[in-house]
Amino acid sequence: MDVRPAHGRGQGIADEGGWGRVKAGEGEGGWGRVSGAAGPGAADQAAEFFGESYGAEPEGVWHAPGRVNLIGEHTDYNEGFVLPFALSQGVRAAASRREDGMLGLRSRQAPDAPATMPLRTLAPGSVTGWAAYPAGAAWAVTEAGLPIGGTSIAIDADLERGAALSSSAALECATALALTELHGLSVPRPELAAIACRAENEFAGIPTGIMDQSASLLCQAGHALLLDCRSGKTRDVPLDLPAAGLVLLVIDTRLRHALSDGRYAARRRACEEAARVLGVRVLRDVTDPGAADSIADPVLRRRARHVITENSRVLATVSLLQAGDIAGCGPLLSASHRSLRDDFEISWPQADTAVDAAVAAGALGARMTGGGFGGSIIALAEARGSMDVRASVRDAFARQGWPGPGFLEALPSAGAWRLR
Ligand code: GAF
């Protein structure tokens, strides 16, 4: 049964307008072509793991996807624009209510780290490791005044961790959706995204913006999601890659990143400082790229310039997509990468090499995606040229003696829903 709900969406934007199970033998360094969106197979596997963990059938199984950010990097916490889309890969939460007021957490991907705790004792800092994300989601749900009771949860995922595809947000969103729906609560998706983000910020202690949770909960299949992080307004922007004869390759550079290592937080602080120097509350308030030139500190100047120019690149990308010109977005993706590399300084050697190799082999544009310092790049390419792009990146990595990259053809997919 696919009981995909209508999303409780916010208003539209102003003008009113892991992967799925990788088939054996198709993988390329661990990734491969995806055998399909999360569906009955994924639900069965999560339910099976729930059975192994708790000795019973779960009452339900929920899926929340990871995301690729097409463009709009480090703009969300500056109240700017982002344009992510949901992957078909993500996190499943199989769950059942229990009478003892406990929260049971098991993950197939972390078999040695099960956790069980009384729901009412949850507090920031009380849980660490992978379980901090689902425990944080439970904490944030109760903090929002939503009455949930004891629950057993088993997690299964097909999303690579540390690949900058929002595995943590997917974990939070799958848990928050499971907990609320299991306990008979219907929470509008934007509110649920804010709850999941609070889990990340206050419980796990990572000062991210709202993009990843919004993408996981609000995206529509075949579309990217334009999110105005100031107003919370959204617009579904068509992104039908196959119809345009295009592919969006996600290329895992194999360098792992962690948002918790302090560098993400340092960039956020720099943006706040740049806004202060410019006399505005947040960098979203600045639209003239030349304004950054007035900042004396060269580092703050570069950080501000990235955010200001990136916001305008997002809007330019949206205009092209609305006009049906996906291929035309390529140069904007590459410009975003240069800005992240030179001004925001969050790129890494494998990303720069992969971007250059992809473009040299004919990709229309390429950029790092996500928080930076590791993870994946994306490359927009014509479908018929995508094998050349892969070969070029693979060869460039081999020349450097780096582990082979992973490849995934991303398909814009639906936001979270109940699988059964
Ligand atoms: C990470 C964060 F979680 C997002 O909020 C966003 O800031 C992104 O990095 C950078 O655009 O994914």
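Computed from a predicted model, the values in this text were never measured in an experiment.

What counts and what doesn't
Residues numbered from 1 in each chain as written. Predicted model: local features only at pLDDT ≥ 70, side-chain atom pairs only at ≥ 80, totals over all residues. Near = placed C-beta within 6 Å. Domains from an automatic or database assignment. Helix = DSSP H or I, 4+ residues; strand = E, 2+ residues; numbered from the N terminus. Expected span 1.5 Å × (residues − 1). Buried ≥ 20, exposed ≤ 12 C-beta atoms within 10 Å, placed from the backbone. Contact = placed C-beta atoms within 7 Å. pLDDT = per-residue confidence, 0-100. Pairing = 2+ DSSP bridges. Axes fitted to C-alpha atoms, helices over the stretch in contact; angles between N-to-C directions. Left-handed = near helix turned anticlockwise from the far one by under 90°. Nonpolar A, V, L, I, M, F, W, Y, C, P; charged D, E, K, R; others polar.

Q: Outline the site of the ligand, listing residues and values.
A: Around the ligand sit 13 residues in total, of which Glu73, Thr208, Gly209, Met211 and Gly371 are the nearest. Structurally, the shell around the ligand is a two-domain feature, drawing no fewer than three residues from each of domain 1 (28-240) and domain 2 (244-410).

Q: Please set out helix α9 (residues 349-360) residue by residue, giving values where relevant.
A: For α9, with 12 residues, the first-to-last C-alpha span of 16 Å sits near the 16 Å given by 1.5 Å per residue. Buried residues of α9: Gln350, Ala351, Ala354, Val355, Ala357, Ala358 and Val359, and no others. Looking at the buried positions of α9, the neighbouring elements they touch are β8 (246-252), α8 (330-342), β9 (365-368), β10 (376-382) and α10 (386-400).

Q: Talk me through the environment of aspartate 236; I want residue IDs and the actual numbers.
A: Note that aspartate 236 resides in strand β7 (residues 234-238). When the C-alpha atoms of aspartate 236 and glutamine 322 are compared, they prove to be 9.8 Å apart, with 86 residues separating the residues in sequence. Ignoring any residue separated from it by four or fewer positions in sequence, one finds aspartate 236 in contact with Gln220, His223 and Leu225.

Q: Please set out the confidence of the model for the chain residue by residue, giving values where relevant.
A: Per-chain confidence: the chain averages 92 in pLDDT, with 91% of residues scoring 70 or above. Confidence scores differ between elements of the chain, with helix α1 (residues 40-54) showing the lowest mean pLDDT of 96 and α8 the highest of 99. Ignoring residues within four places in sequence, the model shows residues 1-36, a span with pLDDT below 50, making 77 contacts including any to other chains.

Q: Requested: an account of the pairing of β10, with residues and values cited.
A: Counting buried positions over the 7 residues of β10 gives 6, a clear majority of the element. With 7 bridges joining them, β8 and β10 adopt antiparallel strand pairing. Within the sheet, the bridge partner assigned to valine 247 lies in β10 and is alanine 381. One ladder, built from 4 bridges, connects β9 with β10; its direction is antiparallel. Note that in β10 the partner of alanine 366 across the bridge is alanine 379.

Q: Lay out the packing of helix α2 (residues 132-143) against helix α4 (residues 189-203) in plain terms, naming residues and giving numbers.
A: At their nearest, the axes of α2 and α4 sit 8 Å apart, and the two run at 115° to each other. For α2 against α4, the interelement crossing comes out right-handed. Residues Ala132, Tyr133, Ala135, Gly136, Ala137, Trp139, Ala140 and Val141 of α2 lie in contact with α4, whose contacting residues are Ile195, Ala196, Arg198, Ala199, Glu200 and Phe203. Among the residues forming the contact of α2 with α4, the class breakdown is 11 nonpolar, 1 polar and 2 charged.

Q: Break down the domain arrangement of the chain for me, with residues and values.
A: Domain boundaries in the chain define domain 1 (28-240) and domain 2 (244-410). Of note, the centres of domain 1 and domain 2, computed from C-alpha atoms alone, are 25 Å apart. Tallying the contact residues gives 37 residues for domain 1 and 45 residues for domain 2. For the side of domain 1 that touches domain 2, the secondary structure elements donating two or more residues are β1 (60-71), β2 (81-97), β6 (223-228) and β7. Considered class by class, the residues forming the side of domain 1 that touches domain 2 number 20 nonpolar, 10 polar and 7 charged.

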